[in-house]
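Tertiary structure, described
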Amino acid sequence: MKKPNRLIHESSPYLLQHAHNPVDWSPWGTEAFDRARREDKPVLLSVGYSSCHWCHVMERESFEDVQTADLMNRLFVNIKVDREERPDVDSIYMDYVQMVTGSGGWPLTVFLTPEQVPFFGGTYFPPEPAHGRPSFRQLLEAVAEAYRTRRTEIDQHSASIEEQLRRATSAETERSAD
């Protein structure tokens, strides 16, 4: 059996379920983002929860697949979040995915800068291209390539997205105060 990843010390049953994936998962925290800065890698954030059907499908198809895990581990710092444990994190990045794709759901898959700013995201990605979606491995390679070769563009896009999220959150807070 593979050595457990960084999730082995977590208390969430959902995170513990992923502790023996070949993906080198980290929990949400400064350690993972510091590592992303140090290694100059983008972050792959995966948010899900225990009773999510498609979360389990994506785990079986991608996160348990050694080739996919090797690609994830080489190209990204991988963070796994239980949305029931961290609804704050889920809410921020779900707002982003809904804003840029028009829909949302779980598993939530978001690519972030080491400064925690999203620059691409979606929900479930299949192991093979299907229904107009790239395979998860194709997506991983394309996102990593864009991060390496189009960093200025990503930083500009991220700053714009960050401002849009700030405005949306501010407007939502004002509406709920009325």
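The present account deals with the structure reproduced in this document. (Residues numbered from 1 in each chain as written. Predicted model: local features only at pLDDT ≥ 70, side-chain atom pairs only at ≥ 80, totals over all residues. Heavy atoms only, no water.)

A few words on the overall build of the protein. Of regular secondary structure, the protein possesses seven helices and five strands. Order of helices (α) and strands (β) in the protein, N terminus to C terminus: α-β-α-β-α-α-β-α-β-β-α-α. In terms of overall dimensions, the protein is globule-like: its C-alpha atoms have a radius of gyration of 16 Å, near the 16 Å expected for 178 residues. Dimensions of the protein, computed from C-alpha atoms along their principal axes, come out at roughly 55 × 35 × 35 Å. A fraction of 64% describes how many contacts in the protein between residues 6 or more apart in sequence connect residues 24 or more apart. The protein carries 20 positive and 28 negative side-chain charges, and their two centres are separated by 4 Å. (Helix = DSSP H or I, 4+ residues; strand = E, 2+ residues; numbered from the N terminus. Rg over C-alpha atoms; globule rule 2.2 N^0.38 Å. Contact = heavy atoms within 4.5 Å. Lys, Arg positive; Asp, Glu negative; His and termini not counted. Charge placed at Lys NZ, Arg CZ, Asp CG, Glu CD.)

Moving on, we get to helix α4 (residues 66-75). By the burial criterion, the buried members of α4 are Thr 68, Ala 69, Leu 71, Met 72 and Leu 75. Across the axial projection of α4, the buried residues extend over an arc of 160°, all falling on one side. Opposite the packed face of α4, turned more than 90 degrees from it, sit the exposed residues Gln 67 and Arg 74. Among the structural elements, β1 (25-26), β2 (43-48), α3 (53-63), β3 (77-82) and α6 (136-149) are those in contact with the buried residues of α4. (Buried < 20%, exposed > 50% of the residue type's maximum accessible area, 1.4 Å probe, protein only. Arc of directions from axis to C-beta.)

Turning next to the state of the cysteines. One pass over the full model with this rule turns up one disulfide. Note that Cys 52 is cross-linked by a disulfide to Cys 55, the S-S spacing being 2.4 Å. Across the disulfide from Cys 52 to Cys 55, rotation about the S-S bond amounts to roughly 80°, and the bridge is consequently right-handed. (Disulfide = S-S within 2.5 Å.)

Let us look at the packing of α4 against α6. Contact pair α4 / α6: the axes reach a minimum separation of 10 Å and the direction vectors enclose 15°. In this view, α4 runs roughly parallel relative to α6, as classed from their interaxial angle. Note that α4 runs across α6; the crossing there is left-handed. Contacts between α4 and α6 involve Gln 67, Thr 68, Leu 71, Met 72 and Leu 75 from the former and Phe 136, Arg 137, Leu 140, Glu 141, Ala 144 and Arg 148 from the latter. Per-class residue counts for the contact of α4 with α6 are six nonpolar, two polar and three charged. (Axes fitted to C-alpha atoms, helices over the stretch in contact; angles between N-to-C directions. Parallel < 35°, antiparallel > 145°, perpendicular 65-115°, else oblique. Left-handed = near helix turned anticlockwise from the far one by under 90°. Nonpolar A, V, L, I, M, F, W, Y, C, P; charged D, E, K, R; others polar.)

A few words now on the pairing of β3. In regular strands, side chains alternate between the two faces of the sheet. For β3, a buried count of six out of six residues is recorded, marking the element as mostly surrounded by other parts of the structure. On β3, burial covers both faces: Val 77, Ile 79 and Val 81 on one face and Asn 78, Lys 80 and Asp 82 on the other are all buried. Relative to β3, β1 runs parallel, the two being bridged by two bridges. Pairing of Ser 26 across the sheet is with Ile 79, part of β3. Looking at chain direction, β2 and β3 are connected through six bridges and run parallel. (Pairing = 2+ DSSP bridges.)

A word on the side chain of Thr 68. Looking at the element boundaries, Thr 68 is found in helix α4. Judged by relative accessible area, which is 3%, Thr 68 ranks as buried. Within the local environment of Thr 68, its side chain forms a polar contact with the side chain of Arg 137, the two groups lying 2.9 Å apart. Non-local contacts of Thr 68, meaning those with residues more than four positions away in its chain, are made with Ser 62, Phe 136, Arg 137 and Leu 140. (Polar contact = N/O pair within 3.5 Å; in protein donor to acceptor, adjacent residues only side chain to side chain.)

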